[in-house]
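# Analysis of the macromolecular model
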Amino acid sequence: MKKFLLSVFLINSLMQLGFAQRELIHAKPATLGFDEEFINQKVDSIMQMGIASLAFPGAQVLVAKNDTVIFHKAYGYHTYENIQPVALNDLYDLASVTKIAGPLPAIMKLVDEGKLDLDKPFSDYLKPWRNRKDKKDLTLREILAHQAGLVPYIVFLNEVIRKNGKVKKRFVHDSPNKRFQAQVYDGIYINNRFERKMNRIINRSEVSEEKEYLYSGLTFLIFPSLIEQLTGTDYQIYLEENFYKPIGANTLGYLPERKGYVNNIVPTEVDSAFRKTLVKGWVHDENAALKGGVSGNAGLFATSDDLTKLMLLYQNYGRVGGLQLISAETVKEFTEVQFRENENRRGLGFDKPYFNNSELPLAEAYPSPLASPESFGHSGFTGTFVWADPIKKLTYIFLSNRVYPSRDHQNLYKLNIRTALQDVFYRAEQE
């Protein structure tokens, strides 16, 4: 603990002096022992097939070996109208990748500092759960591994929109005032009290008696307020000061429309239910939107470069540029399978490969069958995917807006495109 606290002191000191990892190192694949011709041929072919199959209008792929980017290429356009080509510095809505890029590093740090205990009842930190018989004994370990039996998802939009499709004026306004301060989209503001309503619904939600793997994002909606409670710091500021700035991830954050980036922001879906327009620059996920765009389940935007910096931090077990931002022991614990005996492959917050992944054909594997069992990552509903392999030192980033113009577009999944692309780089590495 003394060593870790000293590391924290050094981080803060160096940050004040302006030291941070700002630029990624780039090199040709061949210089690190990869078959460059094989990579270009295979990746181009898969991406062209994906665009032609309407799996996505455009996307980009970034792969790093060790800490060096060996491949970064953009394909297609922002929309099927073929007007705005995808650029390498475009900003993407990360969707559920937010879970491991936002609240999770903060939770790891709080575990390091002894402010959170993975195996104590989570109700020790969340008072409303102390009086809920089905929740009071749930642990943070069970919650993060999706082993707690929590409801997978609650559609809070149903609380805002009437059956006739019109919004409830007591919750939604078209201009801000003292009671309506959180912005959902251009010209849409949510009542300040609505977040408390969301929390009450979460607190009263059912818990399954069957303790088995069931993916749930519910607690990620309330993690930001918990992090603020335990740190005494605004959630966004805490992330920036402790993680994003030290690794030089300058575009990784919430509410990009307010930050004046020169980067283009890739649109997501044409929302016919609530926002009544193409969603661009504001979070796609409706639950995160109803929290003003700042949530733990979704809401983060980033470029592929900055997302790579975060995944390299994890791949290097919390270390970057000689600084230990999170202890190696904690990162290793969070990236290990937690409930193998229950056939739950998940780590703490992180996704993991199928147990028999190396034995599966590519079409059935997740991720590449060649990824090590120690590897980990996460996917996002909008068409994003990140994966780090600390054994083979491969970091893989795939960013797309497969939900354009509608979330009904499922070919990204059906064609297993993200896994197929990742597999190319494992097979291209020459012994």
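Bear in mind the structure is a predicted one, so any value in this text is a computation, not a measurement. (Residues numbered from 1 in each chain as written. Predicted model: local features only at pLDDT ≥ 70, side-chain atom pairs only at ≥ 80, totals over all residues. Heavy atoms only, no water.)

### Remarks on helix H8 (residues 235-247)
Each turn of an α-helix holds 3.6 residues, which means side chains three or four residues apart point in the same direction. Compared with the 18 Å implied by 1.5 Å per residue over 13 residues, the 18 Å span of H8 between its first and last C-alpha is a close match. At Glu-241, H8 shows its maximal kink, close to 40°. Restricting attention to buried positions, one finds in H8 the residues Tyr-235, Tyr-238, Leu-239, Asn-242, Phe-243, Tyr-244, Pro-246 and Ile-247. For H8, the side-chain oxygen to backbone nitrogen distance between the N-cap and Gln-236 is 3.1 Å, and the N-cap itself is Asp-234. In the segment just after H8, Gly-248 is the residue with positive phi, at about 75°. (Helix = DSSP H or I, 4+ residues; strand = E, 2+ residues; numbered from the N terminus. Expected span 1.5 Å × (residues − 1). Bend = angle between axes of the 7 residues up to and from the residue. Buried < 20%, exposed > 50% of the residue type's maximum accessible area, 1.4 Å probe, protein only. Polar contact = N/O pair within 3.5 Å; in protein donor to acceptor, adjacent residues only side chain to side chain.)

### Looking at the nonpolar core
Generally speaking, nonpolar side chains in soluble globular proteins are found buried as a group. In this structure, Phe-122, Leu-144, Phe-223, Phe-274, Leu-290 and Phe-334 are the most contacted members of the largest nonpolar core, which totals 93 residues. Among the elements that line this core, the one with the most residues is helix H7 (residues 218-231), at seven residues. With near-sequence residues (within four places) excluded, Phe-122 lies in contact with Trp-129, Leu-138, Thr-139, Leu-140, Ile-143, Phe-223 and Leu-226. By size, the runner-up hydrophobic cluster in this structure holds 29 residues, among which are Phe-38, Val-63, Ala-371 and Val-424. (Core = buried A, V, L, I, M, F, W, Y, C linked by side-chain atoms within 4.5 Å. Contact = heavy atoms within 4.5 Å.)

### Notes on the side chain of Thr-419
Looking at where Thr-419 falls in the secondary structure, it is placed in helix H13 (residues 417-428). Among the polar contacts made by the side chain of Thr-419, one reaches the side chain of Asn-416 at a distance of 3.2 Å.

### Re the sheet that holds strand E6 (residues 180-185)
Read across the sheet, three strands follow the order E5-E7-E6 without closing on themselves; strand pairing throughout is antiparallel. Each end of this open sheet is capped by a strand with a single partner; those strands are strand E5 (172-173) and E6. Alignment of E6 against strand E7 (residues 188-191), held across four bridges, turns out to be antiparallel. Bridging across to E7, Ala-182 finds its partner in Ile-190. (Pairing = 2+ DSSP bridges.)

### So, the pairing of strand E3 (residues 68-76)
In this structure, strand E1 (residues 25-26) lies alongside E3, joined through two bridges in parallel fashion. When the bridges of E3 are listed, Ile-25 appears paired with Thr-68. Two elements, strand E2 (residues 58-65) and E3, share eight bridges in a ladder whose sense is antiparallel. Following the sheet pairing, Ala-59 is matched in E3 by Tyr-75. Joining the antiparallel neighbours E2 and E3 is a turn of two residues, in which Asn-66 adopts a positive phi near 60°.

### Here we look at empty space enclosed by the protein
Summed over all chains, the structure comprises three cavities of 30 Å³ or more. In this structure, the largest cavity spans a volume of roughly 50 Å³. Every residue along the wall of the largest cavity is listed here: Val-63, Trp-387, Asp-389, Leu-394, Tyr-396, Gln-422, Phe-425 and Tyr-426. At the level of secondary structure, the elements contributing two or more residues to the lining of the largest cavity comprise strand E14 (384-389), strand E15 (394-400) and H13. Of the residues forming the lining of the largest cavity, the biggest block, three residues, is contributed by H13. In terms of residue class, the lining of the largest cavity is made up of six nonpolar, one polar and one charged. (1 Å grid on protein atoms, 1.4 Å probe; cavity = no way out; pocket = protein on both sides within 12 Å on 5 of 7 lines; lining within 4 Å. Points joined across faces, edges and corners; volume = space filled by probe spheres on them. Nonpolar A, V, L, I, M, F, W, Y, C, P; charged D, E, K, R; others polar.)

### Some remarks on the pattern of salt bridges
Taken as a whole, this structure holds 15 salt bridges when the rule is applied. Here Asp-306 ties to Lys-309 by a salt bridge, and the two come within 3.5 Å at their closest N and O atoms. Here Lys-309 and Asp-306 lie together in helix H10 (residues 304-315), a separation of three residues that amounts to about one turn. Look at Asp-306 and you get buried, because its relative accessible area is 5%. Taking the shortest distance from any N to any O, the salt bridge between Asp-351 and Arg-346 comes out at 3.5 Å. One exposure class covers both Asp-351 and Arg-346, and it is buried. Put simply, Lys-109, Glu-113 and Lys-115 are held in one network by salt bridges that share partners. (Salt bridge = Lys/Arg side-chain N within 4 Å of Asp/Glu carboxyl O.)

### Details of the environment of Ile-190
For Ile-190, the location among the structural elements is in strand E7. Discounting chain neighbours no more than four positions away, the residues touching Ile-190 are Val-160, Phe-171, Val-172, Arg-179, Phe-180, Gln-181, Ala-182, Val-184 and Leu-290.

### Considerations on unusual backbone geometry
Following Tyr-366, the chain continues into Pro-367 via a peptide bond in cis, with omega recorded as -10°. With respect to the element layout, Pro-367 can be found in the loop between helix H11 (328-334) and strand E13 (376-380). The residue after Tyr-404, namely Pro-405, is reached through a cis peptide bond having omega -10°. Within the fold, Pro-405 resides in the loop between E15 and helix H12 (411-414). Look at Ala-95: it is not a glycine, yet its phi comes out positive at around 55°. Mapped onto the secondary structure, Ala-95 falls in the loop between strand E4 (92-93) and helix H3 (98-101). Since its relative accessible area comes to 6%, Ala-95 is described here as buried.

### Quick look at the layout of surface pockets
By volume, the largest pocket amounts to about 560 Å³. Ser-96, Tyr-153, Tyr-215, Asp-285 and Phe-381 are the residues nearest the centre of the largest pocket, which is lined by 31 residues in total. At three residues, the largest contribution of residues to the lining of the largest pocket is made by E13. Residue composition of the lining of the largest pocket, by class: 13 nonpolar, nine polar and nine charged.

### Some thoughts on the packing of aromatic side chains
Evaluated as defined, the whole model comprises 17 aromatic pairs. Ring geometry for Tyr-185 versus Trp-282: centroids 6.2 Å apart, planes at 55°, classification tilted. You can see Tyr-185 sitting in strand E6 and its partner Trp-282 sitting in the loop between strand E9 (277-278) and helix H9 (286-289), a full 97 residues away along the chain. No difference in accessibility class separates Tyr-185 from Trp-282, as the two residues are buried. Clustering of aromatic rings is evident, with ring pairs tying together Tyr-354, Tyr-366, Phe-385, Trp-387 and Tyr-396. Here the guanidinium or amino end of Lys-99 rests over the ring plane of Phe-220, the centre of that ring lying 5.7 Å away. Seen from the ring of Tyr-317, Lys-332 lies directly overhead, with NZ or CZ sitting 5.0 Å from the centre. (Phe/Tyr/Trp six-rings, centres within 6.5 Å; stacked < 30°, edge-to-face > 60°. Lys NZ or Arg CZ within 6 Å of the ring centre and 35° of its normal.)

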